[in-house]
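Structure at a glance
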Amino acid sequence: MEVAQLQSFTYSVLPSSRHIRVLELQQDGNTLALLSATLCNLDLDDEDRIPYSALSYTWGQPEFTERLILNSAAAYITPNLAAALQYLRVLGCMRIWVDAVCIDQTNNDEKSSQIPLMANIYRNASRVIVWLGNDIAAIEAMKVARAARRDPRPTKDNTSIHPTEHVPEASAALNVLVHLPWFGRRWVVQEV
């Protein structure tokens, strides 16, 4: 079926107030291929539920210009979320909770019942993935910060010191990182 002929995605009602949706992202090593996924329901109270990751990211501008094939229908997401999902799908098919897709953003009743569950959603995730974006300056800053953290050079008296004192670039790199939009979000503490 041609992408242009796909119907618009519509959400089904969740089975209970303790259910969430999880995105099953389809693996594709081609970063230019369309994003494709399915949604499945999970019961937060089921101890045998399938493991999932939770994505912490910024929506960016509220421009829903990127297409996501969701349950064989067309959905639209922000460019920042599309970039995160494109990166993650190269890593393999994975189950991931993403607020913009897993909560029906057009349904105020659903949002009012799902948002209070977010602490549980993040707590029950097998891991939380933080997407800081794909800004070149941020990527370079992360590389410098990581390299400085692992810098094995000893001091004159053969003791170790904090990497930001040892490698001047690390302080500047960390400054770039903490000024990224993700760090200004009110949900950061809950998600991490």
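These notes cover the structure that comes with them. Just so you know, these numbers come straight off a predicted model, no measurement behind them. (Residues numbered from 1 in each chain as written. Predicted model: local features only at pLDDT ≥ 70, side-chain atom pairs only at ≥ 80, totals over all residues. Heavy atoms only, no water.)

1. Comments concerning the overall build of the protein
Scanning the protein from N- to C-terminus turns up eight helices and seven strands. Looking at the 192 residues of the protein, the share that counts as buried comes to 40%. Partitioning the contacts of the protein with sequence separation of at least 6, the portion at a separation of at least 24 is 68%. Within the structure as shown, the protein displays about 11300 Å² of accessible surface, and the carbon and sulfur contribution to it stands at 51%. (Helix = DSSP H or I, 4+ residues; strand = E, 2+ residues; numbered from the N terminus. Buried < 20%, exposed > 50% of the residue type's maximum accessible area, 1.4 Å probe, protein only. Contact = heavy atoms within 4.5 Å. Areas by Shrake-Rupley, 256 points an atom, 1.4 Å probe, with all protein chains shown as cover.)

2. Structural notes on the nonpolar core
Core analysis: the biggest nonpolar cluster contains 41 residues, and Ile20, Leu23, Tyr52, Leu55, Leu70, Leu81 and Trp97 have the highest contact counts within it. For this core, the element with the highest residue contribution is helix α1 (residues 79–91), accounting for six residues. If we skip the residues at most four places from it in the chain, Leu70 touches Phe9, Leu23, Ala37, Thr38, Leu39, Ala75 and Val101. (Core = buried A, V, L, I, M, F, W, Y, C linked by side-chain atoms within 4.5 Å.)

3. A short note on the pairing of strand β5 (residues 73–77)
The element β5 is largely enclosed, with a buried count of four among its five residues. Linking strand β4 (residues 66–70) back to β5 in an antiparallel pair, the connection comprises two residues, with Asn71 at a positive phi of about 50°. (Pairing = 2+ DSSP bridges.)

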